[in-house]
Amino acid sequence: MLNNPTGIHPMLPTGINGVQQQPRSNDVVSGFGEVLGRAVEAVNEKQSVAADLAEGLASGQHANIHETMIAAEKSGISFKLMTKMQQKGLDAYQTVMRIQL
């Protein structure tokens, strides 16, 4: 473990029973760019799943319209959230650039 002179340790998410979960090695994120990249990949994956289900429904491979509509709504909501976060980030950048030193 790194030398931490302050004695402050990062908080870990708690589980259902209030027991702290240990971080998994594949969940380690190195920076904001990686977090943003993972979020975009997750939105892209949801859109891909929704498109595959819609194509399967249209071609007659399956008849589960409920699953298809739920996937489409999840995809739409994820995309709206991503665009809202992009706009908030852009607004914050513009605000910082307007600050006079």
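Residues numbered from 1 in each chain as written. Predicted model: local features only at pLDDT ≥ 70, side-chain atom pairs only at ≥ 80, totals over all residues. Heavy atoms only, no water.

S.K.: What should I look at first to understand the overall build of the chain in this one?
M.R.: Scanning the chain from N- to C-terminus turns up two helices and zero strands. Classification of the 101 residues of the chain by burial places 8% in the buried group. Partitioning the contacts of the chain with sequence separation of at least 6, the portion at a separation of at least 24 is 26%. Accessible area for the chain stands at about 9,000 Å²; split by element, carbon and sulfur atoms hold 61% of it. (Helix = DSSP H or I, 4+ residues; strand = E, 2+ residues; numbered from the N terminus. Buried < 20%, exposed > 50% of the residue type's maximum accessible area, 1.4 Å probe, protein only. Contact = heavy atoms within 4.5 Å. Areas by Shrake-Rupley, 256 points an atom, 1.4 Å probe, with all protein chains shown as cover.)

S.K.: Is there a simple way to think about the side chain of Ser78 in this case?
M.R.: Counting through the fold element by element, Ser78 comes out in helix 2 (residues 65-98). Residue Ser78 is classed as buried on the basis of its relative accessible area of 13%. A polar atom in the side chain of Ser78 sits 3.4 Å from the side chain of Lys46. Apart from the residues within four sequence positions on either side, Ser78 is in contact with Val43 and Lys46. (Polar contact = N/O pair within 3.5 Å; in protein donor to acceptor, adjacent residues only side chain to side chain.)

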